[in-house]
Amino acid sequence: MAKGYLIARINVTDPEQFAVYAKLAGAASAKHGARALARGGRFETLEGAVRERNVVLEFDSFEQARAYYFSDDYQAAKKEREAAGVAEFVIVEGIS
């Protein structure tokens, strides 16, 4: 079965509020079996809008990644993030 990858690109506008989000999102991702492949760190924007924080989470399947994003746990975290930055999220199915 192909893995699922959640890719997030975020510009943080309120670091204190973002810390609240990060704590909740981290707990939700652990609960839903996510493996962080990239979280912050060095990056280079080659095309498109610059986003200062880039995250890649791996899940066992596309469906599991989707279930995480739409879970009550993550949606509670998302509400905290909405006041803390501008974000783009996408789920991508890996190659099987």
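Owing to the predicted nature of the structure, the values given are computational and were not obtained by experimental measurement.

1. Details of the sheet that holds strand 1 (residues 4-12)
Within the open sheet, the 4 strands sit side by side as 2-3-1-4. Their pairing is antiparallel. The sheet is open, and its two edges are formed by strand 2 (35-39) and strand 4 (85-93), each paired on a single side. Between one strand axis and the next, the sheet turns through 15° on average, direction left out of account. Looking at chain direction, strand 1 and strand 4 are connected through 9 bridges and run antiparallel. Pairing of isoleucine 10 across the sheet is with alanine 87, part of strand 4.

2. Some words on the packing of aromatic side chains
The tally for this structure, following the rule as stated, stands at 8 aromatic pairs. Seen from their ring centres, phenylalanine 18 and tyrosine 21 are 5.2 Å apart, and the 50° between their planes marks the pair as tilted. Of the two residues, phenylalanine 18 and tyrosine 21 both sit in helix 1 (residues 15-31), 3 residues apart, roughly one turn of that helix. Where tyrosine 69 meets phenylalanine 89, the ring centres are 5.9 Å apart and the plane angle is 50°; that geometry is what we call tilted.

So, how was this worked out
- Residues numbered from 1 in each chain as written.
- Predicted model: local features only at pLDDT ≥ 70, side-chain atom pairs only at ≥ 80, totals over all residues.
- Heavy atoms only, no water.
- Pairing = 2+ DSSP bridges.
- Helix = DSSP H or I, 4+ residues; strand = E, 2+ residues; numbered from the N terminus.
- Axes fitted to C-alpha atoms, helices over the stretch in contact; angles between N-to-C directions.
- Phe/Tyr/Trp six-rings, centres within 6.5 Å; stacked < 30°, edge-to-face > 60°.

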